[in-house]
Amino acid sequence: MEPVADDEFIYLDNNATTPLDPAVIEEMLPFLTRYYGNPSSGYAFAAKARKAVELARERLAALLRCEPSEIIFTSGGTESSNAVIHSAVQFEPRGKHLVISSVEHSAVLRPCQDLEKRGCHVTFLDVDRDGNVDVGQVEAAIRPETALVSIMWANNETGVLFPVQRIAEICHRKGVLFHTDAVQAIGKIPIRLRDTAVNFLSLSAHKFHGPKGVGALYVNRRTRFTPLVAGGGQENGRRGGTENAAGIVGLGKAAELAGKHLTEGKCSVRSMRDRFEKALLETVNGALVNGAGAERIPNTSSLAFEGIESSAALLLLDRHRICCSAGSACRTGSQEASHVLRAMNPKGDGARRSLRFSFSRFNTEAQIDHATEIVPKVIEKLRQMSVPAPVATAL
Ligand SMILES: *Cc1c(COP(=O)(O)O)cnc(C)c1O
């Protein structure tokens, strides 16, 4: 069954958010209607909700290959990352240094910038033209007083994958905590936390066909953690507040489905992305792939087009009912060019000429056909518009 989609729109912005899988909705509904008990209540009526929350924890642990007890449910990716940064800084008595990449999502960037204003030191690691971080640079940036290294698993704008397992090893060797914002990696690549030295991992349900406003934080069982949201004893005392039972149930179901799609190895998303990208590179002159030389998640295509402004392209594409983005959704409206693309090429203007298309298993081949037809036309039109009209010469 397909999500209830508005047929009018071609949704190619799945890194901003994804449609709910109908099977997720079905599993959530009873917890919005019949089983409204507070999961923490002691009577039998609430046990239904409590058990459902624990099943979701097991399903997510199975996807991540970790222990259910290592999962804390949160309100989303942003809260999870904030919680890690908050906790790491609390525990490091000298701890006034953090290492992050310069292409992190604002969920990591902003709390680090705020800490900087309060006297912490933050090292922002550069990336190369393909968006890669250098593992040697990460190692060199670590100081005795480093409280945390945080490097995302996959970049939301370019899809570039970072060598987080190797970075985690280095941090482990140096006795420094390591966190990864894996919001864009979940459901797109296999993850086996049991085999890694990762201390913390953040994820969000709405990026893999679950509901918005719910996410999780993995905390390795041997890693110290102090809550950001203090309150009741929920989540084993690690995150206060009544559990978002329906949301957590939805996250669990979405995790189960993501695992199924990963192991069944249906690479329809990768083949759609590749087909779309190839078609655009062939039909549009002066187009290139941001992060082309790096390993990337299979659903993302970030393309720079010579001679266009991405904001103008977005307007025209919107008129053609194609949803995509320039940079990340969280920045739209800020008029600020993508910090990720600027970090990859500080002297170039690729950040103002790029569009991000991100696909999901709910896109159809027909939609890809349509988009490969419309996008080149839009680019061509924009280029014509930007050529100054010939000045009529006086006789
Ligand atoms: C979407 C996203 C987030 C934020 O997750 P929310 O659940 O929306 O708070 C964080 N990091 C990355 C890489 C993302 O793509």
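In what follows, the structure referred to is the one given above.
Residues numbered from 1 in each chain as written. Predicted model: local features only at pLDDT ≥ 70, side-chain atom pairs only at ≥ 80, totals over all residues. Heavy atoms only, no water.

## Examining the packing of helix 9 (residues 268–283) against helix 12 (residues 365–386)
For the pair helix 9 and helix 12, the least separation of the axes is 10 Å and the interaxial angle reads 20 degrees. Accordingly, the angle class assigned to the pair helix 9 and helix 12 is roughly parallel. Handedness of the crossing formed by helix 9 with helix 12: right-handed. Together, Met272, Arg275, Phe276, Ala279, Leu280 and Thr283 of helix 9 and Glu365, Ile368, Asp369, Ala371, Thr372, Val375 and Pro376 of helix 12 make up the contact between the two elements. Residues that form the contact of helix 9 with helix 12 fall into these classes: eight nonpolar, two polar and three charged. (Axes fitted to C-alpha atoms, helices over the stretch in contact; angles between N-to-C directions. Helix = DSSP H or I, 4+ residues; strand = E, 2+ residues; numbered from the N terminus. Parallel < 35°, antiparallel > 145°, perpendicular 65-115°, else oblique. Left-handed = near helix turned anticlockwise from the far one by under 90°. Contact = heavy atoms within 4.5 Å. Nonpolar A, V, L, I, M, F, W, Y, C, P; charged D, E, K, R; others polar.)

## Points about the sheet that holds strand 12 (residues 354–358)
With respect to topology, three strands assemble into an open sheet ordered 9-10-12, the strand pairing being antiparallel. In this open sheet, the two strands that pair with only one neighbour each are strand 9 (287–289) and strand 12. Direction aside, neighbouring strands of the sheet carry axes that sit 25 degrees apart on average. Two elements, strand 9 and strand 10 (residues 300–305), share three bridges in a ladder whose sense is antiparallel. In the sheet register, Leu288 faces strand 10, and the bridge partner there is Ala304. Packing against the sheet, helix 9 makes contact with strand 9, strand 10 and strand 12, and its axis sits at approximately 10 degrees to strand 10. (Pairing = 2+ DSSP bridges.)

## Focus: the side chain of Arg59
Along the chain, the position of Arg59 falls in helix 2 (residues 44–64). In this structure Arg59 touches Glu27, Gly252, Lys253, Ala255 and Glu256, once residues within four positions along its chain are discounted.

## Notes on a nonpolar patch on the surface
Together, Ile25, Leu29 and Leu32 make up a nonpolar patch on the protein surface, roughly 270 Å² of accessible area in all. The topology assignment puts Leu29 in helix 1 (residues 22–32). (Patch = residues over 30% accessible without salt bridge, like charges linked within 9 Å, V, L, I, M, F, W, Y side chains within 5 Å. Areas by Shrake-Rupley, 256 points an atom, 1.4 Å probe, with all protein chains shown as cover. Salt bridge = Lys/Arg side-chain N within 4 Å of Asp/Glu carboxyl O.)

## Overview of the state of the cysteines
In this structure the tally under the stated criterion is zero disulfides. Sulfur of Cys66: no disulfide; nearest cysteine sulfur belongs to Cys171 and is 19 Å away. (Disulfide = S-S within 2.5 Å.)

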